[in-house]
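Coordinate inspection notes
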Amino acid sequence: MAMEIISNYSNYAANYADTTKKSNSKTAAEVKTSTSTNSNGKIQEYYEKLCKKFPQINFNTNGGVIPSNSSKVTVNLSYDCLKKMANDPEFAKEMEWNLSGEVEANSMVYGLAQRDGVVLGGRTVTYDANGNRQSSCGGMRTANEGNSNTNKTQKKYKAEEERWLKARKKREKKEKIAKKQAEKKEEEKRLAERRAEKKASEEARTETGDYTVSDTDMDIKAVTQKVKAAFLSTSAPTGASFDIKA
């Protein structure tokens, strides 16, 4: 009988452990799925906001490289970069500033090509997982030289674009510094005005002979002495008289 009870208990314990293990595994899987779903939802929500913020840009986050043309800018954005932007506000702020110059940069390159009589077959812009940017022009041809000098032209346009982007960043930095200096100056002005108002208020109180003495002591003699002390420590206005008797 004892052996039967022990055997039944062992079977029960084994079944309980197996059931618990399966339940924990199921819970872990559900949590992982839920977390993954929430994360994907956050990325999708941010992606939609990004598209609304930059309606002139077509974002490709599905891999591969899609070229831009003179009328439509395409940015090939790494999905990992998009994910990082969705979860890191500071990184997103920096990336969005970079993206804000893409339309103008595209117009500049095609404008240079038109000026030089160069036809661009396409222009690609990519951002990797860390937000590093790369751009290139392809399919170039000129009326006089055909395709013989396209490498030189590509390097020229790339250098022009990089120079423009650096100048833009430098200009933005100067504008931020100037803005901070202006804000600091404005704050100093406000503080100076407050100090002047406070000083004027104190002087006005002195001139009108207004005195304030606070005391919770119920002894009238002690209160009177404090009033005298307050009066004697402040010069009375001309023509004013003040008589206090204990």
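Just so you know, these numbers come straight off a predicted model, no measurement behind them.

Regarding helix α4 (residues 102-116)
Over its 15 residues, α4 runs 21 Å from end to end, which matches the ideal 21 Å to within 8%, given 1.5 Å per residue. With its phi angle positive at about 70 degrees, Gly117 sits one or two positions after the end of α4.

Focus: the nonpolar core
Core analysis: the biggest nonpolar cluster contains 19 residues, and Leu50, Phe59, Val75, Leu77, Met85 and Leu99 have the highest contact counts within it. Of all the secondary structure elements, the ones that give two or more residues to this core are α1 (2-53), β1 (57-60), β2 (73-77), α2 (79-87), α3 (89-99) and β4 (122-127). When residues no more than four places from it in sequence are discounted, the contact partners of Val75 are Ile57, Asn58, Phe59, Asn60, Leu99, Glu102, Val125 and Tyr127. Val109, Tyr110, Ala113 and Tyr157 belong to the second largest nonpolar core, which has 12 residues in total.

Some details on the pattern of salt bridges
Taken as a whole and assessed by the stated rule, the structure comprises five salt bridges. Note that Arg133 is salt-bridged to Glu102, the shortest N-O span being 2.7 Å. A residue pair is termed long-range when its members are at least 10 positions apart, and Arg133 in strand β5 (residues 133-138) and Glu102 in helix α4 qualify at 31 residues. Taking the relative accessible area as the measure of exposure, Arg133 reaches 22% and is therefore partly exposed. We classify Glu102 as buried; its relative accessible area is 1%. Glu187 is the partner of Arg190 in a salt bridge, and the nearest nitrogen-oxygen pair spans 2.4 Å. On the criterion of helical spacing, the pair formed by Arg190 and Glu187 is a turn pair, its members being three residues apart in helix α5 (residues 150-208).

Digging into the confidence of the model for the protein
Summing up the model confidence of the protein, the mean pLDDT is 74 and the portion of residues at 70 or higher is 60%. α2 holds the highest mean pLDDT among the elements of the protein, 96, whereas helix α6 (residues 220-232) holds the lowest, 62. In this model, residues 1-9 is a region of pLDDT below 50 whose contacts with residues beyond four sequence positions or in other chains number zero contacts. With pLDDT under 50 throughout, residues 235-242 is counted as low confidence; its partners more than four residues away or in other chains account for eight contacts.

Describing the pairing of β4
Counting buried positions along β4 gives five out of six residues, so the element sits mostly inside the fold. Pairing of β2 with β4 involves two bridges; the strand directions are parallel. Within β4, the position partnered with Leu77 by the bridge is Tyr127. Alignment of β4 against β5, held across six bridges, turns out to be antiparallel. Bridge pairing in β5 places Tyr127 opposite Arg133.

A short note on a positive patch on the surface
Judged by side-chain charge, Lys93, Lys169, Lys176, Lys179 and Lys180 come together as a positively charged surface patch. The element that contributes the greatest number of residues to the positive patch is α5, accounting for four residues. Tracing the backbone through its elements, the reader meets Lys176 in helix α5.

About the criteria used
Residues numbered from 1 in each chain as written. Predicted model: local features only at pLDDT ≥ 70, side-chain atom pairs only at ≥ 80, totals over all residues. Heavy atoms only, no water. Helix = DSSP H or I, 4+ residues; strand = E, 2+ residues; numbered from the N terminus. Expected span 1.5 Å × (residues − 1). Core = buried A, V, L, I, M, F, W, Y, C linked by side-chain atoms within 4.5 Å. Buried < 20%, exposed > 50% of the residue type's maximum accessible area, 1.4 Å probe, protein only. Contact = heavy atoms within 4.5 Å. Salt bridge = Lys/Arg side-chain N within 4 Å of Asp/Glu carboxyl O. pLDDT = per-residue confidence, 0-100. Pairing = 2+ DSSP bridges. Patch = residues over 30% accessible without salt bridge, like charges linked within 9 Å, V, L, I, M, F, W, Y side chains within 5 Å. Areas by Shrake-Rupley, 256 points an atom, 1.4 Å probe, with all protein chains shown as cover. Lys, Arg positive; Asp, Glu negative; His and termini not counted. Charge placed at Lys NZ, Arg CZ, Asp CG, Glu CD.

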